[in-house]
Amino acid sequence: HAEEYVDVLIPRGGESLIRFVTANARVPVIKHYKGVCHVYVDQAADLGKALEICYNAKVQRPGVCNAMETLLIHEGIAPEFLPQIAARYAPDEVELRGCEETRRHLPDVRPATDDDYHAEFLDLVLAVKVVPDCTGAIEHIERYGSDHTEAIVSENYTTVQRFLDEV
C-alpha cells in the first residue's frame, strides 16, 4: 500500500502468497502463479551431462518455483536414459510418475495422470513423459507449461535454437 515509496512489487514465494499480494497491492505487481518447469532431454544429448542436469534440476531445491516438475525424454534415448535417471534419483527417493512408454521401461513407476503434467509438486515428485522429438516436447510444454522456466539438453545446435525460439 506504500504507493509513494514502491514502484513495483515482485513477490517471491508460493502461489498463495503471490495471489494475496496481487489481490491486495495498490502498486503494479510482476507475477507468476506456478512454476511447472520442464527439462527436455534430446536424442543428441550427452547423457552423462543430462543425468547431472536433471538430477540437480529436481533434487537441489525441489520446493522452489523453478525446480523441474516434468522431465521430457526423446523416445530414441528412453530405453537407455530412463533406467539411468531412475537409478540416479533412487537414493533421494524421488517419486516418478510416468506415461505409458516410461512405464514400459520402468514398470514400477506410478502412472502419470493429466493432473500430474499440470502440477507444481514443489517436492521430490517428478512427472516423466517420453516424446517422439523436439516438436513433441514443444507441444507438451505449450499445453502444460506455465511460461516460467524451460530447458533443453542437447548437443545439436539447430535443435537447441529451435527449442529456444519456439518455447
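Up top is the structure.
Quick look at the structure, then. (Residues numbered from 1 in each chain as written. Predicted model: local features only at pLDDT ≥ 70, side-chain atom pairs only at ≥ 80, totals over all residues. Heavy atoms only, no water.)

Moving on, we get to the overall build of the protein chain. Of regular secondary structure, the protein chain possesses 7 helices and 6 strands. Counting helices and strands in the order they occur from the N terminus, the protein chain gives α-β-α-β-α-β-α-β-α-β-α-β-α. Dimensions of the protein chain along its principal axes, counting C-alpha atoms only, are 60 × 35 × 25 Å. Per-residue burial for the protein chain yields a buried fraction of 43% across its 167 residues. Contacts in the protein chain between residues at least 24 apart in sequence constitute 69% of all its contacts with a sequence separation of at least 6. (Helix = DSSP H or I, 4+ residues; strand = E, 2+ residues; numbered from the N terminus. Buried < 20%, exposed > 50% of the residue type's maximum accessible area, 1.4 Å probe, protein only. Contact = heavy atoms within 4.5 Å.)

Further remarks concern the sheet that holds strand β5 (residues 125-131). With parallel pairing, 6 strands are arranged side by side in an open sheet as β4-β3-β5-β2-β1-β6. The strands lining the two open edges of the sheet, one partner per strand, are β4 (110-111) and β6 (150-153). Where strand β2 (residues 68-74) meets β5, 5 bridges bridge the pair, whose relative direction is parallel. Note on β5: the bridge partner recorded for Leu 72 is Lys 129. Contacts from helix α2 (residues 47-59) reach β1 (37-41), β2, β5 and β6 within the one sheet, and its direction differs from that of β2 by about 160°. Strand contacts of helix α7 (residues 157-166): β1 and β6, with the helix running at about 170° to β6, the strand carrying the most contacts. (Pairing = 2+ DSSP bridges. Axes fitted to C-alpha atoms, helices over the stretch in contact; angles between N-to-C directions.)

To continue, consider the packing of α2 against helix α3 (residues 78-89). Direction vectors running N to C along α2 and α3 enclose 45°, while the axes themselves pass 10 Å from each other. Between α2 and α3, the crossing angle belongs to the class labelled oblique. Crossing hand, α2 versus α3: right-handed. The segment α2 lies against α3, with Leu 47, Ala 50, Leu 51, Glu 52, Cys 54, Tyr 55, Lys 58 and Val 59 engaging Glu 80, Phe 81, Gln 84, Ile 85, Arg 88 and Tyr 89. Across the contact of α2 with α3, the residue classes break down as 9 nonpolar, 1 polar and 4 charged. (Parallel < 35°, antiparallel > 145°, perpendicular 65-115°, else oblique. Left-handed = near helix turned anticlockwise from the far one by under 90°. Nonpolar A, V, L, I, M, F, W, Y, C, P; charged D, E, K, R; others polar.)

Pairing is possible between side chains that carry opposite charge, provided their charged atoms lie close to one another. Counted according to the given criterion, the structure contains 9 salt bridges. We note a salt bridge from Arg 97 to Glu 95, for which the minimum N-O separation is 2.7 Å. Overall, Arg 97 belongs to the buried group, its relative accessible area being 12%. Note on Glu 95: relative accessible area 28%, which makes it partly exposed. Here Glu 95 makes a salt bridge to Arg 110, at a shortest N to O gap of 3.0 Å. Of this pair, Glu 95 sits in strand β3 (residues 95-98) while Arg 110 sits in strand β4, and the two are 15 residues apart along the sequence. Given the relative accessible area of 44%, Arg 110 is considered partly exposed. Taken together, the salt bridges that share partners define one network made up of Glu 95, Arg 97, Arg 110 and Asp 116. (Salt bridge = Lys/Arg side-chain N within 4 Å of Asp/Glu carboxyl O.)

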